[in-house]
Amino acid sequence: MTHFRTFPIMASAFLGLTLALSGCSPQPDLSGPIEPLDDNVPWPTLMDSAAVSAAIAAPERSVEETTDALAARAAAANRRADALRNNTAFSD
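Let me begin by describing the structure that accompanies this report. Fair warning: this is a prediction, and the values are worked out from it, not measured in the lab.

Moving on, we come to the overall build of the protein. Looking only at helices and strands, one finds three helices and zero strands in the protein. Taken from the N to the C terminus, the helices and strands of the protein come in the order α-α-α. Expressed as a percentage of its 92 residues, the buried residues of the protein come to 1%. For the protein, the computed accessible surface area is about 9300 Å², with 64% contributed by carbon and sulfur atoms.

Bringing a nonpolar patch on the surface into the picture now. A surface patch of nonpolar side chains, about 320 Å² in accessible area, is lined by Met47, Val52 and Ile56. Looking at the element boundaries, valine 52 is found in helix α2 (residues 49-55). Judged by its relative accessible area of 36%, valine 52 falls in the partly exposed class.

The rules behind each value
Residues numbered from 1 in each chain as written. Predicted model: local features only at pLDDT ≥ 70, side-chain atom pairs only at ≥ 80, totals over all residues. Heavy atoms only, no water. Helix = DSSP H or I, 4+ residues; strand = E, 2+ residues; numbered from the N terminus. Buried < 20%, exposed > 50% of the residue type's maximum accessible area, 1.4 Å probe, protein only. Areas by Shrake-Rupley, 256 points an atom, 1.4 Å probe, with all protein chains shown as cover. Patch = residues over 30% accessible without salt bridge, like charges linked within 9 Å, V, L, I, M, F, W, Y side chains within 5 Å. Salt bridge = Lys/Arg side-chain N within 4 Å of Asp/Glu carboxyl O.

What follows is the structure, given as structure tokens:
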């Protein structure tokens, strides 16, 4: 049950970070009155889910193309990992 001991530390760190970052945001100008919304303006029309799905549909690929692309990405990741392991710039 060690995670219960770290909760106050994590909560205080989160609170401190939140307070520190809140000073970085610009404060809204609330000096004047806020304009009321016009009741005569219609709400925007929303797209139905079928149109959204059609707009973001993934390109059709065969299983072989997907497998080849995944194998190529895995090989590239392994090459980068080997390059980082063999990099002598960071060794003592």
